[in-house]
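Examining the three-dimensional arrangement
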Amino acid sequence: MNPKNTFAVILVALGILVLAYSGITFKTPGRPVEFLGLHFETIERHYIPPAVGAIALIGGIVLLVVNRGGPEST
(Lines give C-alpha, C1' and ligand atoms only; values in the text may rest on other atoms or scores of the structure.)
Protein backbone atom coordinates (compact mmCIF):
# COMPACT_ATOMS: atom_id res chain seq x y z
CA MET A 1 0.00 0.00 0.00
CA ASN A 2 1.53 3.28 -1.09
CA PRO A 3 1.44 6.48 1.00
CA LYS A 4 -1.37 7.97 -1.12
CA ASN A 5 -3.65 5.00 -0.37
CA THR A 6 -2.73 5.10 3.32
CA PHE A 7 -3.57 8.80 3.52
CA ALA A 8 -6.86 8.22 1.68
CA VAL A 9 -7.88 5.43 4.07
CA ILE A 10 -7.02 7.62 7.08
CA LEU A 11 -9.13 10.46 5.64
CA VAL A 12 -12.08 8.13 5.09
CA ALA A 13 -11.83 6.68 8.61
CA LEU A 14 -11.57 10.11 10.26
CA GLY A 15 -14.41 11.44 8.13
CA ILE A 16 -16.67 8.57 9.18
CA LEU A 17 -15.68 9.04 12.83
CA VAL A 18 -16.46 12.77 12.83
CA LEU A 19 -19.78 12.21 11.06
CA ALA A 20 -20.76 9.37 13.39
CA TYR A 21 -20.32 11.56 16.46
CA SER A 22 -21.86 14.68 14.83
CA GLY A 23 -18.61 16.55 15.34
CA ILE A 24 -15.80 16.01 17.80
CA THR A 25 -14.82 18.21 20.74
CA PHE A 26 -11.38 17.91 22.31
CA LYS A 27 -9.37 19.85 24.87
CA THR A 28 -5.76 20.99 24.88
CA PRO A 29 -3.77 22.67 27.63
CA GLY A 30 -3.84 26.44 27.31
CA ARG A 31 -1.49 29.11 28.57
CA PRO A 32 -0.90 29.21 32.31
CA VAL A 33 -2.14 32.39 34.01
CA GLU A 34 -0.64 34.03 37.09
CA PHE A 35 -2.96 36.41 38.95
CA LEU A 36 -2.20 37.95 42.34
CA GLY A 37 0.45 35.32 43.03
CA LEU A 38 -1.91 32.44 42.13
CA HIS A 39 -1.17 30.05 39.30
CA PHE A 40 -4.08 28.91 37.10
CA GLU A 41 -4.01 26.28 34.38
CA THR A 42 -6.27 26.96 31.41
CA ILE A 43 -7.90 24.59 28.96
CA GLU A 44 -8.74 25.39 25.35
CA ARG A 45 -11.67 23.58 23.78
CA HIS A 46 -11.66 22.79 20.07
CA TYR A 47 -14.54 21.59 17.91
CA ILE A 48 -14.37 19.77 14.59
CA PRO A 49 -17.75 20.26 12.85
CA PRO A 50 -19.44 17.48 10.84
CA ALA A 51 -18.88 19.44 7.61
CA VAL A 52 -15.13 18.89 8.00
CA GLY A 53 -15.79 15.17 8.43
CA ALA A 54 -17.84 15.12 5.24
CA ILE A 55 -15.07 16.92 3.34
CA ALA A 56 -12.48 14.46 4.67
CA LEU A 57 -14.66 11.50 3.69
CA ILE A 58 -15.26 12.80 0.18
CA GLY A 59 -11.58 13.70 -0.24
CA GLY A 60 -10.48 10.24 0.85
CA ILE A 61 -12.90 8.54 -1.52
CA VAL A 62 -11.76 10.76 -4.39
CA LEU A 63 -8.10 9.91 -3.67
CA LEU A 64 -8.91 6.20 -3.70
CA VAL A 65 -10.89 6.41 -6.95
CA VAL A 66 -8.34 8.61 -8.73
CA ASN A 67 -5.53 6.28 -7.69
CA ARG A 68 -7.26 3.22 -9.16
CA GLY A 69 -8.15 4.92 -12.43
CA GLY A 70 -4.61 5.67 -13.64
CA PRO A 71 -2.47 3.32 -15.77
CA GLU A 72 0.34 3.38 -13.18
CA SER A 73 -1.89 1.82 -10.47
CA THR A 74 -0.64 -1.74 -10.99
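Here the structure is shown first, and the text comes after it.
What you see is a predicted model, and the numbers here were worked out from it, not measured in a lab.

As a further point, take the overall build of the protein. On a plain count of helices and strands, the protein comes out with two helices and four strands. Each helix and strand of the protein, placed in order from N terminus to C terminus, yields the pattern α-β-β-β-β-α. Evaluated residue by residue, the protein yields a buried proportion of 19% over its 74 residues. For the protein, the proportion of contacts with a sequence separation of at least 24, taken over those separated by at least 6, is 56%.

Let us look at the environment of Gly60. Considering the arrangement of structural elements, one finds Gly60 in helix H2 (residues 50-69). Note on Gly60: relative accessible area 0%, which makes it buried. For the pair Gly60 and Ala8, spaced 52 residues apart in the sequence, the C-alpha separation amounts to 4.2 Å. Not counting the four nearest positions on each side in its chain, Gly60 is found in contact with Ala8, Leu11 and Val12.

The general pattern is negative phi for most residues beyond glycine and trans for most peptide bonds. Of note, Ser22 is a non-glycine position whose phi angle comes to about 55°, a positive value. Tracing the chain through its elements places Ser22 in the loop between helix H1 (3-20) and strand E1 (24-29). Of note in the backbone geometry, Leu36 takes a positive phi value of approximately 55° without being a glycine. Structurally, Leu36 can be placed in the loop between strand E2 (33-35) and strand E3 (38-40).

Attention shifts here to H1. An ideal rise of 1.5 Å per residue puts 26 Å on 18 residues; H1 measures up with 26 Å between its terminal C-alpha atoms. Just past H1, the residue Ser22 takes up positive phi, approximately 55°.

What follows covers a nonpolar patch on the surface. Taken together, the side chains of Val33, Phe35, Leu36, Leu38 and Phe40 define a hydrophobic patch exposed on the protein surface, amounting to about 530 Å² of accessible area. Inspection of the secondary structure assignment puts Leu38 in strand E3.

Attention now moves to the environment of Thr28. Mapped onto the elements of the fold, Thr28 is located in strand E1. Here the alpha-carbon distance between Thr28 and Arg45, two residues 17 residues apart in the chain, equals 6.5 Å. Ignoring any residue separated from it by four or fewer positions in sequence, one finds Thr28 in contact with Thr42, Ile43, Glu44 and His46. Reaching out from Thr28, the side chain makes a polar contact with the side chain of His46 at a distance of 2.8 Å.

Rules of the game
- Just so you know, the residues in each chain are numbered from 1, in the order the chain's sequence is written.
- Given that the model is predicted, a residue must reach a pLDDT of at least 70 before its local features are reported, and side-chain atom pairs must reach 80 or more before they are shown or counted; all residues, however, enter totals for whole chains, interfaces and linings.
- As a rule here, side-chain values come from all non-hydrogen atoms in the structure, and water together with hydrogens is ignored.
- Strands here mean DSSP runs of E at least two residues long; helices mean DSSP runs of H or I at least four residues long; both are numbered from the N terminus.
- Burial status follows relative accessibility: with a 1.4 Å probe on protein chains alone, a residue under 20% of its type maximum counts as buried, one over 50% as exposed, and anything between as partly exposed.
- By definition in these notes, contact holds between two residues if any of their heavy atoms fall within 4.5 Å.
- To estimate how far a helix should extend, the number of its residues minus one is multiplied by 1.5 Å.
- Within this analysis, patches are made of residues with over 30% relative accessible area and no salt bridge. Like charges are joined at 9 Å or less; nonpolar side chains (Val, Leu, Ile, Met, Phe, Trp, Tyr) at 5 Å or less.
- Per-residue and other accessible areas follow the Shrake-Rupley method at a 1.4 Å probe size, with only the shown protein chains counted as cover for residues.
- Here a salt bridge means any side-chain nitrogen of Lys or Arg lying within 4 Å of a carboxyl oxygen belonging to Asp or Glu.
- Between N or O atoms, a polar contact is any pair within 3.5 Å; within protein, one atom must be a potential hydrogen donor and the other a potential acceptor, and residues adjacent in sequence are included only when both atoms are from side chains.

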